[in-house]
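Read off the chains here:
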Amino acid sequence: MKHRTAGRAGACAVGLLSIACSQGSGSGAFPADAGAVESGVDAHLEASSAADEGADGDAEGSDAAVLPGCDNGKTCALPLTCDETDLLCEPPCSATEPCSADTFCRQSAPGAVEGNCIGPDYQCLGNVPTAPVPGASYFEVVETYVDVSSGAAVPAVGLNVKVCAATDEPCASPANFGTTGPSGAVTLTVPAGADGFDGYFDVTGPSGDGGTILETLVFSSQPVVADGPGPTTTVTTAAALQQTVGVLGALDATRAQVMVVADACRSTPAFGASLAVSSADSATKVGYVGPNGIVPGASTFPVNAQALGDAVNVPGTMTTLTTSYGGQTVSTLGVVLRPDVLVLAYLTASPLPSQ
């Protein structure tokens, strides 16, 4: 439930953040599969802002003079910029124009041979905008799921998806429910509440390989405050998940398994950030995912298409997931835990508690 798409809180809120322009490129390889479906993540960045679109001619803004890398009249003037889609203030990259060691080449479109170098952006920390007040009592969202149990991402057909309140730990009284169709999508009505829908989705059903998916609870640190599409989220069987996280040890069916997708500011992957799980004990193992799977010994999210992490064998009925960078909190989210479930949490830079 990563609310990056147009019409959701994260699209506007994340867009109106501080950013910086950099130029040039250094060593590093252009990934051939940068536009492919990634482990449980939404690769779309559909949000855009008029603050980034209104200028014609020369760039304007207090920092425009030092931004020769920006073009088409765009500026990276702080703090109101939003170029999640066009990325004109990011260095270009291609097969012959690689990114620097600490950035990743995000393709301009699926299958494209060129794109822009993306690195983590933490300038918004301590000044993250709060989500706007909901303008309706209910919103209609489209959630899409793909099944990766067989090793290839295929539409997850026939899944049962329940809309659960954040306070309903067993999801005993779902606010709504539906079944995914041939494309793996389901349209659901969610209650807005005072601050937007801040609950979760409980997903169960058949797997494309003839088995049953591991029950999946999908959370996001951004509330839903408008109609719109959600992300494409992956589901998998317990056996397939075990293969993916095998380096961390055997999965304990009496505990929950957790997968985290972490962003910094402007929806940039939170490279270099670390993940903390509040209820973790000696049996809980955390792994950070690189381009070729979990990186043994890594203590922070490595450079990758997305900042992905796994925490296996997490005890308790609730836990708090926190990402931090340089001593600052990037994001925090409380999630429900149950035995033998996969918790998928989408984290983005969070406002301070006082905001």
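Residues numbered from 1 in each chain as written. Predicted model: local features only at pLDDT ≥ 70, side-chain atom pairs only at ≥ 80, totals over all residues. Heavy atoms only, no water.

Caption draft 1: Main features of the sheet that holds strand β17 (residues 318–325). One open sheet holds the three strands; their spatial order is β13-β17-β18, and the pairing between them is antiparallel. The outermost strands of the open sheet, each flanked by one partner alone, are β13 (274–277) and β18 (328–336). Going across the sheet, the axis of each strand differs from the next one's by a mean of 20°, ignoring polarity. (Pairing = 2+ DSSP bridges. Helix = DSSP H or I, 4+ residues; strand = E, 2+ residues; numbered from the N terminus. Axes fitted to C-alpha atoms, helices over the stretch in contact; angles between N-to-C directions.)

Caption draft 2: Structural view of the state of the cysteines. A complete count under the given rule lists four disulfides for this structure. The partner cysteine of C93 in its disulfide is C105, sulfur to sulfur 1.9 Å. Measuring handedness by torsion sign, the sulfur bridge of C93 and C105 sits at about 85° and is right-handed. Placement of the pair is C93 in strand β1 (residues 92–94) and C105 in strand β2 (residues 104–107), with a sequence separation of twelve residues. At a sulfur-sulfur separation of 2.0 Å, the disulfide partner of C164 is C171. Note on the C164 and C171 pair: the S-S dihedral is about -85°, so by sign convention the disulfide is left-handed. Accessibility expressed as a relative area gives 3% for C171, which makes it buried. (Disulfide = S-S within 2.5 Å. Buried < 20%, exposed > 50% of the residue type's maximum accessible area, 1.4 Å probe, protein only.)

Caption draft 3: Examining the packing of aromatic side chains more closely. A full pass over the atoms with the stated rule returns four aromatic pairs. For the pair F197 and F201, a centre-to-centre distance of 5.9 Å together with 45° between the ring planes defines the contact as tilted. Given the relative accessible area of 0%, F201 is considered buried. Consider the rings of Y288 and F301, whose centres lie 5.1 Å apart with planes at 90°: the pair is edge-to-face. Of this pair, Y288 sits in strand β14 (residues 285–290) while F301 sits in the loop between β15 (293–294) and β16 (307–314), and the two are 13 residues apart along the sequence. For the pair shown, Y288 and F301 are each scored as buried. (Phe/Tyr/Trp six-rings, centres within 6.5 Å; stacked < 30°, edge-to-face > 60°.)

Caption draft 4: Expanded view of unusual backbone geometry. For C171, which is not glycine, the phi dihedral falls at a positive 50°. Looking at where C171 falls in the secondary structure, it is placed in the loop between β6 (160–164) and β7 (176–179). Phi at D340 takes a positive value of approximately 60°, unusual for a residue other than glycine. Accessibility expressed as a relative area gives 39% for D340, which makes it partly exposed.

Caption draft 5: Examining the pattern of salt bridges more closely. Tallied over the full model, the rule gives three salt bridges. For the salt bridge of R338 with E215, the shortest nitrogen-to-oxygen distance reads 2.8 Å. Of the two residues, R338 is situated in the loop between β18 and β19 (342–347) and E215 in the loop between β9 (200–204) and β10 (216–220); the sequence distance between them amounts to 123 residues. What makes R338 buried here is its relative accessible area of 14%. Connected through shared salt-bridge partners, D202, E215 and R338 make up one network. (Salt bridge = Lys/Arg side-chain N within 4 Å of Asp/Glu carboxyl O.)

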